[in-house]
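One letter stands for each residue in the lines below.
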Amino acid sequence: MMNKKGQEEMVGFAVISIIIGVIILVVIGFMVNKKDTNLTADYEIESFIQSSLQYTSECQDSLGFVSLQELIISCRREETCLDGKSSCDALNSTLKGLVENAWTVGDQSSIKGYEFDIKTGEQSTLNFKKGNQTANYISGFQSFARNGQDYTLSLNLYS
Amino acid sequence: MVATKPYRFFPHEFPFKFESCLIKNRKGQLKIQQMIFMIIAVLLLFIMVGLFFLSISLNKMQKEATSLAEKNSMLLVAKLANSPEFSCENAFGSNKPNCIDFDKVIALKRNIAKYSDFWGVAKIEIRKVYPNEGNISCTDKNYPDCGDLKILDKNVEILSYASTFVTLCRKEFSETGPYNKCELARLLISSQDKT
């Protein structure tokens, strides 16, 4: 009789312990799964495009060295730099230099690939990509207008 | 519940009844002991669970404080480039967003002692991204041919850096006269780790 009572008490204690254990596990699981939103990356991409537009390129016109924004417009107009180089070639090399130095792409990096695109209206003026294009990506864009023409720059970073 | 008969002591029953009384007393003491142990065990369990939750909540609070400091750095870095101490304003044409006047910040570095607590951060740094000039630290002697300008550099434990891209502009001279030279850089900020 005494044995049975002791056994019942032990079972009760075990049940309570299991219930408390399960509650603790649920609480821990909830805390661990709570994801932190990452807003930095989106902001960084947009600040990158915005700052790049003001970058002074090596291409010179009659007024002096042109900014990347002006170089995009020159490329659209198929103009050449004072040194005879095509403005589109200058734009391509300058943009690649900017993107490759700003974002490290590779297997060791968190960024597995990127795609940069410049659109004039609906038409793509310049597009280049590197690395793997995965389903997980973040993007940013910046647009400006000149002489009634809309220009949109976008950058996708794949992770 | 089984009702127990109250025990009455009769001297003629002495040796036998006294023994039985002792056994019953012992049983009661054992039961009281058992209950005390159980209460102590349950109390210990609750204390342990309480301590566990307390440590979790303290840990969470610490993480929240760190995350808040990091978010503050992020917000500050976003607006610092446009503050009067850093921004290009109209020195390089029309008002440019996210533009830092390189000439202005190198002068700021010389007088940083006056501003050490102004922004409430431990480190403010500008790293050139393109053209890449490596990790050459900027001084009055090698300016502007350098890659890293440490404006504020307190010797304390820091949190992770918050950064944003900026345009770093300065006045340059060529055969045709002065012109604006703008490069791509990263503005980095880090707060002190107070945890």
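Criteria and cut-off values
Residues numbered from 1 in each chain as written. Chains lettered and ligands numbered in written order. Predicted model: local features only at pLDDT ≥ 70, side-chain atom pairs only at ≥ 80, totals over all residues. Helix = DSSP H or I, 4+ residues; strand = E, 2+ residues; numbered from the N terminus. Buried ≥ 20, exposed ≤ 12 C-beta atoms within 10 Å, placed from the backbone. Contact = placed C-beta atoms within 7 Å. Pairing = 2+ DSSP bridges. Axes fitted to C-alpha atoms, helices over the stretch in contact; angles between N-to-C directions. Nonpolar A, V, L, I, M, F, W, Y, C, P; charged D, E, K, R; others polar. Domains from an automatic or database assignment.

The subject of this paragraph is the overall build of chain B. From N to C terminus, chain B includes two helices and five strands. Walking chain B from its N terminus toward its C terminus, one meets helices and strands in the order α-β-α-β-β-β-β. Looking at chain B residue by residue over its 195 residues, the buried ones come to 24%. Taking all contacts inside chain B whose residues are at least 6 apart in sequence as the whole, residues at least 24 apart take part in 65%.

It is worth spelling out the sheet that holds strand S5 (residues 137-146) of chain A at this point. All names here are of chain A. Ordered by their spatial adjacency, four strands build an open sheet running S4-S3-S6-S5, and the pairing between neighbours is antiparallel. At either margin of the open sheet sits one strand with a lone partner, and together these are strand S4 (123-131) and S5. Averaged over all adjacent pairs, the angle separating strand axes in this sheet is 10°, with direction ignored. Judged from the 10 bridges that link them, S5 and strand S6 (residues 149-158) form a sheet pairing that is antiparallel. Within the sheet, the bridge partner assigned to Gln-142 lies in S6 and is Leu-153.

Looking now at the interface of chain A and chain B. Contacts between chain A and chain B engage 21 residues on the former and 25 residues on the latter. Every element with two or more residues in the side of chain A that touches chain B is listed here: helix H1 (2-33), helix H2 (40-53), strand S2 (64-67) and helix H4 (87-102) of chain A. The dominant element in the side of chain A that touches chain B, judged by the number of residues it contributes, is H2 of chain A, at eight residues. Taken together, the residues of the side of chain A that touches chain B sort by class into nine nonpolar, 11 polar and one charged.

Residue and element names in this part refer to chain B. Pairing analysis gives five bridges linking strand S2 (residues 123-130) to strand S3 (residues 148-153), with the strands arranged antiparallel. Residue pairing across strands places Glu-125 opposite Lys-150, the latter belonging to S3. Here S2 pairs with strand S5 (residues 177-190) via seven bridges, running antiparallel. Following the sheet pairing, Ile-126 is matched in S5 by Leu-187.

The next subject is the domain arrangement of chain B. Accessible area lost upon the coming together of the parts is a frequently used measure of interface size. One can read the domain layout of chain B as domain 1 (14-68) and domain 2 (71-190). Inter-centroid distance (C-alpha atoms) of domain 1 of chain B to domain 2 of chain B is 62 Å.

With that settled, the discussion passes to the pairing of S5 of chain B. Note that strand S4 (residues 162-174) of chain B and S5 of chain B share 13 bridges and pair antiparallel. Counterpart to Val-166 of chain B in the pairing with S5 of chain B is Ala-185 of chain B.

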